[in-house]
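Structural characterization, general
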Amino acid sequence: MVMFNGLRLGVAKPLLVALVLLGFAAAPACATIAIQEVRTASGIKAWLVEDYSVPIVTIRFAFRESGSTQDPPGKEGLVNLTTGLFDEGAGDLDSNTFQERLDDAGAKMRFSASRDTIYGSMRALADRKDSAFNLLRLAIEQPRFDQSPVDRIRAQIISGILAESKDPQKAAQVAWAKAIYGDHPYSNPEEGTEQSLAAITISDLKAFHKRLFTRGNLVIAVAGAIDADALKRDLDQIFGELPAEPHLTPVIETAPKLGQEIRIAFDLPQVQLRLAYPGISREDPQFFAAYLMNQTLGGGAFTSRLWNEMREKRGFAYGIGSTLVTNAHSATLAIYTRVRPDRAAETLSLIQAEVSQMVKDGVSERELETAKKNTIGSFAISNLNSSRAIAGTLVEIQLEDLGIDYIERREQLIQAVTIDDVRSAARRLLSADPAVMIVGPPQEGRKR
């Protein structure tokens, strides 16, 4: 998962957090919101932000460790296929009837999966939430997995895979994942392959759902026109009958395989360049030092060193950047750009020169203050600008185990970072010989 603004994007008393909110329902530009922890009679926990300015309720939830890493060998794409089927019939409602009921309830329901997590959400009108939540309960608890919708959704996914089979960007993604992660599940395509999808049966779908959709790996956040007492009843209704604990396939920790060069020949007008360095986990004490270092190097739009050197000074690249990529079992710092073929070698040299300079000298006081200001100032705009964004942000905070007071503490953690902290993080992450991928017309080899 790509880090954005320092986030992969029950309290006895409510936590009051002063936030600048742009577009959170119809709230004023500056508002105070309360994050409450709600616990139900069956032990289900959720974080709640009440807001009655618009009569809408948004629920966002996630099942930890239930992403594509749980695909059985030879049946890659099982998780992705499963997430496409929850609105294709549940309980005694077939696909058409279920979707008609969703429309009647004025609700939008969505499921998706990453490498590590399955996500679900529903957005419903407050006065129709009971009907909407009952449909969500059916989808989560009693998905049908009827043969006709399974075949249709599978065919749609395979069609997309075949359409992308000659796409240089997709080929680069596949080759990059395989080179960086080797035989680890992170190297497998999340959507699967034509062969692996064909091997998936309805029994596989039902077994996957049974072993991973449980209360034990469930994380929930709700924002909108609902109070804590009503939410407790609704949560027990939606999730209360799920099994207690998941049956997970263990996933080992893995470090990216660095010090290699991957070349993919394509007749393209531009060369795609990717570099990978060691990353840092979200719970690491040096995380914010690394985050601010990366903002200065390439993560800050229009203000980073890489942008200034490659775009502003030389005009080599239309866009260039770097990002911290954090998954549950691995982390990298990635740099990416596209350039003219005759500029590729020089661009690589310039990127690595900027990296070396960061390792040697770290950042200036002015650069650090700019990175801090941008990181602090953009958080509310990017992560808290709607009830949907708030619910999503609160789910990610829970998945990362950052604590319900994280938003309150976040600015203090950022302001505490010193120049020495950033220099230390730069030396730790950027001293390694990176993995480099070059996608485009064949070029002469370069010395490493």
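Throughout, residues of each chain are indexed from 1 in the direction in which the sequence is written. In keeping with the model being predicted, local features are shown solely for residues with a pLDDT of at least 70 and side-chain atom pairs are shown and tallied solely at 80 or more, while totals for entire chains, interfaces and linings include all residues. Hydrogens and waters are ignored; side-chain quantities use all the structure's heavy atoms.

A closer look at the overall build of the chain
Definition in use: Helix and strand definitions here come from DSSP, where helices need a minimum of 4 consecutive H or I residues and strands a minimum of 2 consecutive E residues; each element is numbered from the N-terminal end. The globule rule used for comparison is 2.2 Å times the number of residues to the exponent 0.38, while the radius of gyration itself is calculated over C-alpha atoms. A simple rule labels every residue: compare its accessible area, found with a 1.4 Å probe on the protein chains alone, to the largest value its type can have, and call it buried under 20%, exposed over 50%, or partly exposed in between. Here the accessible surface of atoms and residues is derived via Shrake-Rupley with a 1.4 Å probe, and residues count as covered only by protein chains that are part of the display.
A tally of regular secondary structure across the chain gives 15 helices and 12 strands. The C-alpha radius of gyration of the chain comes to 23 Å, within 12% of the 22 Å expected for a compact globule of 448 residues. Seen through its principal axes, the chain has C-alpha atoms that stretch 65 × 50 × 35 Å. The 448 residues of the chain split such that 53% are buried. Carbon together with sulfur atoms contributes 51% to the accessible area of the chain, which is approximately 19700 Å² in total.

Some points on the packing of helix H9 (residues 287-299) against helix H12 (residues 365-383)
What counts, and what does not: Axis angles are defined between N-to-C directions and span 0 to 180 degrees, where every axis is a line fitted to C-alpha atoms and, for a helix, only to the segment in contact. To sort the angles, those under 35 degrees are grouped as roughly parallel, those over 145 as roughly antiparallel, those from 65 to 115 as roughly perpendicular, and the leftovers as oblique. In what follows, residue pairs with any heavy atoms lying within 4.5 Å of each other are defined as contacts. Gly is placed with the polar residues, together with every amino acid not listed as nonpolar (Ala, Val, Leu, Ile, Met, Phe, Trp, Tyr, Cys and Pro) or charged (Asp, Glu, Lys and Arg).
Running from N to C, H9 and H12 cross one another at 105 degrees; their axes reach a closest spacing of 9 Å. Considering their axes alone, H9 and H12 lie roughly perpendicular with respect to each other. Between H9, through Tyr291, Leu292, Gln295 and Thr296, and H12, the contact on the second element is made entirely by Glu367, Leu368, Ala371, Lys372 and Thr375. A breakdown of the residues in the contact of H9 with H12 according to their chemical character gives four nonpolar, three polar and two charged.

Observations concerning helix H14 (residues 406-415)
Where we set the bar: Comment: arc refers to directions from the helix axis out to C-beta atoms.
Inspection of H14 places Tyr406, Ile407, Arg410 and Ile414 among the buried residues, and these make up the whole buried set. All buried residues of H14 fall inside an arc of 80 degrees around its axis, so they share one side.

Comments concerning the pattern of salt bridges
Formally: By salt bridge we mean one thing: a side-chain nitrogen of Lys or Arg within 4 Å of a carboxyl oxygen of Asp or Glu.
Inspection of the entire model under this criterion finds 22 salt bridges. The shortest N-O distance in the salt bridge between Lys75 and Asp204 comes to 2.7 Å. Within this pair, whereas Lys75 is found in the loop between strand S4 (56-63) and helix H1 (78-83), its partner Asp204 is found in helix H7 (residues 202-212), the two being separated by 129 residues in sequence. Classification of Lys75 by relative accessible area gives partly exposed; the value is 22%. Between Asp151 and Arg154 there is a salt bridge, and its shortest N-O distance comes to 3.3 Å. Placement of both Asp151 and Arg154 in helix H4 (residues 147-164) is noted, with a separation of three residues, approximately one turn of the helix. The partly exposed category is assigned to Asp151, whose relative accessible area is 36%. The structure contains a network of salt bridges with shared partners spanning Glu37, Arg39 and Lys45.

Description of the pairing of strand S6 (residues 118-125)
Condition: When DSSP finds two or more bridges between two strands, those strands count as paired.
Extensive coverage of S6 is indicated by the burial of six of its eight residues. Bridge analysis of strand S5 (residues 108-113) against S6 gives six bridges, and the strand direction is antiparallel. From the neighbouring strand, Phe111 faces S6, where its bridge partner is Gly120. Between the antiparallel neighbours S5 and S6 lie four residues.

Overview of the environment of Ala90
Counting through the fold element by element, Ala90 comes out in the loop between H1 and helix H2 (95-104). Taking the C-alpha atoms as reference points, Ala90 and Leu248, separated by 158 residues in sequence, lie 24 Å from one another. Not counting residues within four places of it along the chain, the set of residues in contact with Ala90 comprises Phe98, Leu138, Ala139, Gln142, Pro143 and Arg144.

Details of the confidence of the model for the chain
Using the following cut-off: On a scale of 0 to 100, pLDDT captures the predictor's confidence in every residue.
Per-residue confidence for the chain averages 91 on the pLDDT scale, and 92% of its residues sit at or above 70. Low pLDDT (under 50) marks residues 9-31, which in the prediction has 62 contacts with non-local residues, meaning those over four places away or in another chain.

Considerations on the sheet that holds strand S10 (residues 320-326)
Strands in a sheet are paired, the pairing made by backbone hydrogen bonds, and the direction either parallel or antiparallel. The mixed open sheet is built from five strands, whose spatial order is S8-S12-S9-S11-S10. Each of the sheet's edge strands pairs with one partner strand only, and the pair in question is strand S8 (261-265) and S10. Between one strand and the next, the sheet's axes are offset by a mean angle of 15 degrees, whatever the strand orientation. Across the sheet, helix H11 (residues 344-361) touches strand S9 (271-278), S10, strand S11 (331-339) and strand S12 (435-440), and the angle it forms with S9 is around 25 degrees.

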